[in-house]
Amino acid sequence: MSALQAINNEAQCNMPNGDAIEPLFQVSDITRLFGPDKGCQAVSFELYPGEVLGIVGESGSGKSTLLNVLSGRCQPDAGTIHYRQSDGVLTDLYASSEARRRTLLRTEWGFVEQNPRDGLRMTVSAGANIGERLMAQGVRNYGTLRTESLRWLHQVEIDASRIDDLPRTFSGGMQQRLQIARNLVSHPSLVFMDEPTGGLDVSVQARLLDMLRALVRDLGLAVIIVTHDLAVARLLADRLMVMRRSRVVESGLTDQILDDPQHPYTQLLVSSVLQP
Ligand SMILES: Nc1ncnc2c1ncn2[C@@H]1O[C@H](COP(=O)(O)OP(=O)(O)OP(=O)(O)O)[C@@H](O)[C@H]1O
């Protein structure tokens, strides 16, 4: 069990210097329903810096609704979300203005959409797509923007010669890698991902997953990732929440959940997908 995983079993965890690690994100009793059992209800959890939480469940179980509420994009009917900003201040997400939530999404957070066209600006170049997030953080120097864009194109294995090309001239896998670069260039502390490998060929998915795993580890990112693919969850997530009909039916360490599921629904999910 990693240190980050272990802290979820403890009320408090201490750094080697004796300081307590504070949760980055605290979710308490979140509900957003569109109809009976349609949406998400009574969801609570804490996420620590550098931790990857996977949200899994069948289609329509409420994963995307929950992700939209968590990322400040959909007002909940009830419940609270607190986020610890990089300056240490604890923000009550839905007590803040919409403008504040939008700023967080552009600066301290990232959101990787399933369809890269929803997360990229298709009418501006690859370099501008990456540089835009830095500009939102106040970087204005053209040389710095260009250098950082090139560095990130390299990180996501896109040839530097493509920097001035429009994203629509890229393949689906390249567009998704560009979207990842656009999100990570600003060094977010928390990234939301909605089925980031969905809609891609299996071989392209595998390459993207390897890249994502390396970036998440190297940058120490906290991630909340929605996926219906348990193989993706196994590869990326430290912890899982299993959703069914708007509720979390089981949560825990990824290996525990996938190797020894307790809830009958999770058992069904695992046995139907992870056949040896
Ligand atoms: N804006 C909306 N208006 C009405 N109903 C909605 C809305 N958004 C979601 N729903 C309903 O809420 C339920 C949960 O949908 P949601 O998209 O969150 O599920 P999901 O687990 O992400 O599914 P999928 O994996 O297919 O994307 C579904 O029954 C859906 O029809």
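Right, let's walk through the structure included here. A quick note: this is a predicted structure, and the numbers were derived from the prediction, not measured.

In total, this model carries 14 salt bridges according to the counting rule given. Ionic pairing is found between arginine 84 and glutamate 22, a salt bridge with its closest N-O pair at 3.8 Å. Of this pair, arginine 84 sits in strand 4 (residues 78-84) while glutamate 22 is found in the loop between helix 1 (3-6) and strand 1 (25-35), placing the two residues 62 residues apart along the sequence. Its salt-bridge partner being aspartate 255, residue arginine 234 comes within 3.6 Å of it at the nearest N-O pair. Placement of the pair is arginine 234 in helix 9 (residues 230-236) and aspartate 255 in helix 10 (residues 254-259), with a sequence separation of 21 residues.

Another point: the sheet that holds strand 4. Within the open sheet, the 4 strands sit side by side as 2-1-4-5. Their pairing is antiparallel. At either margin of the open sheet sits one strand with a lone partner, and together these are strand 2 (38-47) and strand 5 (90-92). Strand after strand, the sheet turns through a mean of 20 degrees between neighbouring axes, direction not considered. Where helix 2 (residues 63-70) meets the sheet, it contacts strand 1, strand 2 and strand 4, and its direction lies at approximately 130 degrees from that of strand 1.

A few words now on the pairing of strand 8 (residues 222-226). Counting buried positions along strand 8 yields 5 of 5 residues, so the element is predominantly enclosed. With burial as the criterion, each face of strand 8 is covered, one bearing Ala222, Ile224 and Val226 and the other bearing Val223 and Ile225. Here strand 3 (residues 52-57) runs beside strand 8; their pairing, made up of 4 bridges, is parallel. From the neighbouring strand, glycine 54 faces strand 8, where its bridge partner is isoleucine 225.

Thresholds, definitions, all that
- Per chain, residues are indexed from 1 in the order of the written sequence.
- With pLDDT at 70 or above as the cut-off, local features in this predicted model cover only qualifying residues; side-chain atom pairs require 80 or more to be listed or tallied, and sums for whole chains, interfaces and linings still use all residues.
- Hydrogens and water molecules were not included; the side-chain quantities draw on all heavy atoms of the structure.
- Salt bridge, as used here, is a side-chain nitrogen of Lys or Arg placed within 4 Å of a carboxyl oxygen of Asp or Glu.
- Each helix is a run of H or I in the DSSP string that is no shorter than four residues. Each strand is a run of E no shorter than two, and both are numbered from the N terminus.
- Strands are labelled as partners when DSSP assigns at least two bridges between them.
- Simply put, an axis is a line fit to the C-alpha atoms, just over the touching stretch for a helix, and the angle between two N-to-C directions goes from 0 to 180 degrees.
- Two residues form a contact once any of their heavy atoms are found within 4.5 Å.
- The buried label goes to any residue with under 20% of its type's maximum accessible area, the exposed label to any with over 50%, and the partly exposed label to all in between, with areas taken from a 1.4 Å probe on protein chains only.

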